[in-house]
Amino acid sequence: MASQNLQPVPEALSPEDQERAAQLEAEGQAYFDRVMSDDSRIEPKDWMPAAYRKTLLRQISQHAHSEIIGMQPEANWISRAPSLKRKAILMAKVQDEAGHGLYLYSAAETLGQSRDKMMDDLIAGKARYSSIFNYPALTWADMGAIGWLVDGAAICNQVPLCRASFGPYGRAMVRICKEESFHQRQGFEILLELSNGTPAQKQMAQDAVNRWYAPALMMFGPPDDDSPNSKQSMAWNIKRFSNDELRSRFVGMMVEQVRVLGLTLPDSEVRFNEETKKWEHGPLDWEEFKEVLAGRGPCNAQRLERRREAHDDGAWVRVAAAAYAEKQLAKQARKHAEKEYAA
Amino acid sequence: MNPNDEVSTSSTSVWPLWEVFVRSSRGLSHVHAGSLHAPDAAMALRNARDLYTRRNEGVSIWVVPADAIAASDPDAKGSFFESPQGKDYRHATYYTKSEGVKHL
Amino acid sequence: MTPEQTETTGHGDISVGVAGSGDSSASATRITPGNALRPEDIALEVRTGLVKPSEDVAEYALRLGDDALILAQRLGHWISRAPELEEDVALGNIALDQLGHARSFLTYAGGAWEKSEDELAYFRREHEFRSAHLFEQPNGDFAVTIARQFVVSYYQFELYRRLTQSTDATLAAIAAKAVKEVDYHRDHSAQWILRLAQGTEESRQKMIHGLKLVWPYVAELFADDELATRLAEAGAAVEPSSLKADFDRLTGEVLAEAELEVPQTPAAPGGGRRGKHSEHLGYILAEMQVLAREHPGASW
């Protein structure tokens, strides 16, 4: 439920009111701190620090945008899927992503921001989404690599988010994680079929893994010493593990799974560090990451344009449905009034 | 066209928010599943069917306009929910003397 | 109430981590695959020789399968482009239903010629397809798609409803699954016809235009030919012309409620059932088949 529960700015208040506001603020903060230390949940109408609200709104809306923009590279292959079974699976998957975007927009709406506003920000290029979707899906094997690596990394990120301190976000993530359990598996299966197929198919699979590996690792965000917001998010129980911790775990899983696939990771420096008990990987090109984030990736303009086009093309439909609803309500009210009058 | 007109046209294209409750199988109560946008109740029900029961999650759906829900005041949670605390005589476990007596 | 099974994805336990909150969220997110006829079940029956369609029935199943396949291909384009996210999901569901019907019909048809659904979908040429022209029509704007859905769903509902009584058990079983899904497609299109026709002046004009664009292809759906008549006499199929009265009555009711007129456009000759197609099918197949044909014999 959306509530316009933004923090009041104590301006031009009488001294008594100022004191009262400060007292409420202190009580709210104390309650919030207790919720955090009990590892309990904050709900939309609870008092929360302005920065917490802002951080959540940014993170959840970015997450929602990523789902919606993330539909595009895969939707491009629905029409060309090489078997009817794969076509059905891919359709169901891209459809799920629309659903996941919806769940997340709803969670963000509980913080007082309308979906319409978030969509406007996205289309205006004012909002961010996961950089990975600015890379092109060039072959069918990319459907496998996206499912296996990109969804795999996303799930790694998302499972801990099921316990995020903000109730609506955690609940949305539970539903999303359950539904996504098939996304990674179908990607793995696509790659496995290709790897066990003709030499051309196997080459296609390896090429896709080579292209998506590094961008997938960068999905966990910048290294911990270059991630200023991470610490605060962890203190607020939004984030449960650091970027590097999750990335290391993910690399470990991929090392195992790539063997089953009969493919290789394009990283000669992957190793298990016996001392730290963590998986390590080769250097990542963070300059490229920043470039793509700044809008200079291969598909940034194309992805936004496609979203804008769908939104603009649909405007007359949304207006028509809203107008119809209004007319129906008016008609009902008129009927009701006539009945009253007759009685 | 004055700026106010523009605001009103764009606002009419925004579909209101609905809360969705799903009954997962016969005999159970409807449980909040999430929200969605729809122009009216008929479409809200259909959107809820498409969105929240794609995997056989339900046998019945309720939709409620989000702004029709009245909620208890979160700031008053201390006093609003204080009374039942400490009234253990409302619970069977309070009555220990009858322990061991059959069918009680 | 059965306690929910903890689901794992290989990444650990997906739970909210709050004591006592698990059950309430669980009952609204409990997911099951359900229990219905799937294309895979038909493939198994065909493979094990449990069922084998006659040449006539296979030809007939090919028609219905191609209709649904081409429509699914068209509808799939809407996913990520619909007027609102909720509608992405709705059109996705309809496309998936149609694709499911296509796979069942094609799998069954292939039983007569030892061909799989994919061999039929990906390795036939344009003139070997049997879809009617309506299904090939471009998506256009949302009103055109809704107009096409409106005609298709009311036609398919009447068809499948009767096919559930087919003497061919497999056709009857596929129809029994499909008719329930198509019933919902009818509702979806009717709801939108009402809203677009009586929403704004712009949407009304677009709806009228959309109906005008698809109406020339209505007649072909109800045209009888030797195959359909022969199968109908044997009780295996339905004569298309026998569906017309119910189709006219029910679509007429919706159009009347929407204060729209039945378009008076001249009928196009059609010919899809004989492999004579519109200009559109070539493009559809080029895109649909390109990858599969690049790797003949490959498995995916």
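Residues numbered from 1 in each chain as written. Chains lettered and ligands numbered in written order. Predicted model: local features only at pLDDT ≥ 70, side-chain atom pairs only at ≥ 80, totals over all residues. Heavy atoms only, no water.

A.B. asks: Please clarify how the overall build of chain A should be interpreted in this entry.
C.D. replies: Scanning chain A for helices and strands turns up 12 helices and two strands. In sequence order, chain A lays out its α and β elements as α-α-α-α-α-α-α-α-α-β-β-α-α-α. A buried classification covers 55% of the 343 residues belonging to chain A. Counting only contacts in chain A whose residues sit at least 6 apart along the sequence, the fraction spanning at least 24 positions is 78%. Roughly 15000 Å² of accessible area belongs to chain A as shown, and the carbon and sulfur atoms make up 53% of that amount. Positive and negative charge centroids in chain A, built from 44 and 48 side chains respectively, lie 5 Å apart. (Helix = DSSP H or I, 4+ residues; strand = E, 2+ residues; numbered from the N terminus. Buried < 20%, exposed > 50% of the residue type's maximum accessible area, 1.4 Å probe, protein only. Contact = heavy atoms within 4.5 Å. Areas by Shrake-Rupley, 256 points an atom, 1.4 Å probe, with all protein chains shown as cover. Lys, Arg positive; Asp, Glu negative; His and termini not counted. Charge placed at Lys NZ, Arg CZ, Asp CG, Glu CD.)

A.B. asks: Sorry, what's going on with the pattern of salt bridges here?
C.D. replies: Side-chain pairs of opposite charge can arise whenever the charged atoms involved come near each other. Residues and elements named next belong to chain C. Counted according to the given criterion, the structure contains 48 salt bridges over all chains. The residue E253 makes a salt bridge to R249 at a minimum N-O spacing of 3.9 Å. You can see E253 and its partner R249 sitting in helix α12 (residues 244-257), four residues apart, about one turn around the helix. One salt-bridge network, held together by shared partners, links E158, R161, R162, D246, R249 and E253. (Salt bridge = Lys/Arg side-chain N within 4 Å of Asp/Glu carboxyl O.)

A.B. asks: What is the right way to look at a positive patch on the surface in this model?
C.D. replies: On the surface, K331, R334, K335 and K339 of chain A cluster together into a patch of positive charge. Looking at the element boundaries, K335 of chain A is found in helix α12 (residues 315-342). (Patch = residues over 30% accessible without salt bridge, like charges linked within 9 Å, V, L, I, M, F, W, Y side chains within 5 Å.)

A.B. asks: Just checking my understanding: could you explain the environment of N273 of chain A for this structure?
C.D. replies: All names here are of chain A. On the secondary structure map, N273 appears in strand β1 (residues 271-273). Given a relative accessible area of 12%, N273 falls into the buried group. With near-sequence residues (within four places) excluded, N273 lies in contact with K278 and E280.

A.B. asks: Honestly, the interface of chain B and chain C in this entry has me stumped. Any pointers?
C.D. replies: One frequent convention defines the size of an interface as the accessible area lost when the parts assemble. Of the residues lining the interface, 21 residues belong to chain B; the matching set on chain C comes to 20 residues. Of the roughly 1900 Å² buried between chain B and chain C, counting both surfaces, carbon and sulfur atoms make up 56%. Broken down residue by residue, the surface that chain B buries against chain C is led by M43, R46 and D50 of chain B, which jointly contribute 25%. The interface formed by chain B and chain C includes two salt bridges. In this structure, the salt-bridge partner of D187 of chain C is R46 of chain B, at a minimum N-O distance of 2.4 Å. Our count for the chain B to chain C interface comes out at six residue pairs in polar contact (both at pLDDT 80 or more). A class-by-class count of the residues in the side of chain B that touches chain C yields eight nonpolar, six polar and seven charged. (Buried area = accessible area lost by both parts, 1.4 Å probe. Polar contact = N/O pair within 3.5 Å; in protein donor to acceptor, adjacent residues only side chain to side chain. Nonpolar A, V, L, I, M, F, W, Y, C, P; charged D, E, K, R; others polar.)

A.B. asks: Teacher, can you tell me more about the packing of helix α2 (residues 41-52) of chain B against helix α8 (residues 169-197) of chain C here?
C.D. replies: Any two packed helices are characterised by how steeply their axes cross, that is the angle between the axes, and by the distance between the axes. Viewed as axis vectors pointing N to C, α2 of chain B and α8 of chain C meet at an angle of 145°, and their least axial separation amounts to 12 Å. For the pair α2 of chain B and α8 of chain C, the crossing hand works out as left-handed. For the pair formed by α2 of chain B and α8 of chain C, the contact residues are A42, M43, R46, R49 and D50 of chain B on the first element and Y184, D187, Q191, W192 and R195 of chain C on the second. Residues belonging to the contact of α2 of chain B with α8 of chain C are distributed by class as follows: four nonpolar, one polar and five charged. (Axes fitted to C-alpha atoms, helices over the stretch in contact; angles between N-to-C directions. Left-handed = near helix turned anticlockwise from the far one by under 90°.)

A.B. asks: Could you clarify how one ought to interpret the packing of aromatic side chains in this entry?
C.D. replies: We describe a pair of aromatic rings using the distance from one ring centre to the other and the angle between the two ring planes. Residues and elements named next belong to chain A. Tallying each qualifying case throughout the model produces 20 aromatic pairs over all chains. Relative to Y52, the ring of F32 has its centre 4.9 Å away and its plane inclined at 75°; by these criteria the two rings are edge-to-face. Note that F32 is positioned in helix α1 (residues 15-37) and Y52 in helix α2 (residues 50-75), a separation of 20 residues in sequence. Neither F32 nor Y52 differs from the other in exposure class; each is buried. Aromatic rings pair up to connect F32, W47, Y52 and W236 into one cluster. (Phe/Tyr/Trp six-rings, centres within 6.5 Å; stacked < 30°, edge-to-face > 60°.)

A.B. asks: Explain the environment of D141 of chain C to me, please; I cannot follow it from the model alone.
C.D. replies: Counting through the fold element by element, D141 of chain C comes out in the loop between α6 (133-136) and α7 (142-163). Looking at D141 of chain C, the relative accessible area reads 26%, which means it is partly exposed. In this structure the C-alpha to C-alpha distance between D141 of chain C and G210 of chain C, which are 69 residues apart in sequence, comes to 8.2 Å. Non-local contacts of D141 of chain C, meaning those with residues more than four positions away in its chain, are made with W316 of chain A together with W78 and K206 of chain C.

A.B. asks: It is not clear to me how the packing of helix α6 (residues 167-195) of chain A against helix α7 (residues 199-218) of chain A should be interpreted in this structure. Could you clarify?
C.D. replies: Residue and element names in this part refer to chain A. At a closest axis distance of 7 Å, the pairing of α6 and α7 adopts a crossing angle of 140°. The angle between the axes of α6 and α7 places the two elements in the oblique class. Together, L191, L194 and S195 of α6 and Q201, K202, A205 and V209 of α7 make up the contact between the two elements. Its residues assigned to classes, the contact of α6 with α7 shows four nonpolar, two polar and one charged. (Parallel < 35°, antiparallel > 145°, perpendicular 65-115°, else oblique.)

A.B. asks: Can you help me understand the layout of surface pockets in this one?
C.D. replies: Rolled over the atoms, a probe with the dimensions of a water molecule shows which regions are left empty. Each pocket or cavity is described by its volume, and for the largest pocket that value is around 2100 Å³. If you list the elements that add at least two residues to the lining of the largest pocket, you get α3 (84-109) and α6 of chain A, α2 of chain B together with α2 (39-47), α4 (85-110) and α8 of chain C. No other element matches α4 of chain C, which puts eight residues into the lining of the largest pocket. Residue composition of the lining of the largest pocket, grouped by class: 12 nonpolar, 15 polar and 19 charged. (1 Å grid on protein atoms, 1.4 Å probe; cavity = no way out; pocket = protein on both sides within 12 Å on 5 of 7 lines; lining within 4 Å. Points joined across faces, edges and corners; volume = space filled by probe spheres on them.)

A.B. asks: For this particular structure, what's the right way to read the interface of chain A and chain C?
C.D. replies: Opposite the 59 residues of chain A that make contact, chain C presents 62 residues. Among the residues chain A hides against chain C, the three largest losses belong to L84, K178 and W316 of chain A. Together they make up 16% of the total. Applying the counting criterion to the chain A and chain C interface returns two salt bridges. Between E86 of chain C and R115 of chain A there is a salt bridge whose closest N-O contact spans 2.6 Å. Elements that contribute at least two residues to the side of chain A that touches chain C include exactly α2, α3, α4 (115-123), α5 (141-161), α6, α7, α11 (300-313) and α12 of chain A. Top element by residues in the side of chain A that touches chain C is α3 of chain A. It accounts for 13 residues.

A.B. asks: What's the story with the confidence of the model for chain A in this structure? I'm lost.
C.D. replies: For residues with low pLDDT, the predicted coordinates do not support detailed interpretation. In the predicted model, chain A carries a mean pLDDT of 93, and 97% of its residues have values of at least 70. A low-confidence stretch, residues 1-6 of chain A (pLDDT under 50), is modelled with 21 contacts involving residues beyond four sequence positions or located in other chains. (pLDDT = per-residue confidence, 0-100.)

A.B. asks: Looking at this structure, how should I read the sheet that holds strand β1 (residues 17-23) of chain B?
C.D. replies: Hydrogen bonds along the backbone pair up the strands of a sheet, which may run parallel or antiparallel. All names here are of chain B. The antiparallel open sheet is built from three strands, whose spatial order is β2-β1-β3. Each end of this open sheet is capped by a strand with a single partner; those strands are β2 (31-37) and β3 (60-65). For this sheet the average axis-to-axis angle between neighbouring strands, irrespective of direction, equals 30°. Taken together, the six bridges between β1 and β3 define a ladder with antiparallel strand orientation. When the bridges of β3 are listed, R23 appears paired with S60. Sheet strands touched by α2: β1, β2 and β3. Its angle to β2, the strand with the most contacts, is close to 115°. (Pairing = 2+ DSSP bridges.)

A.B. asks: Even after reading the chapter, I still don't get α2 of chain B, so can you show me in this structure?
C.D. replies: Side chains of residues three or four places apart in an α-helix project in the same direction, reflecting 3.6 residues per turn. Residues and elements named next belong to chain B. The terminal C-alpha atoms of α2 lie 15 Å apart, and with 12 residues this matches the ideal 16 Å at 1.5 Å per residue to within 8%. Of the positions making up α2, those classed as buried are M43, A44, R46, N47, A48, D50, L51 and Y52. Two or three places before A42, at the opening of α2, D40 has a side-chain oxygen 3.3 Å from that residue's backbone nitrogen. (Expected span 1.5 Å × (residues − 1).)

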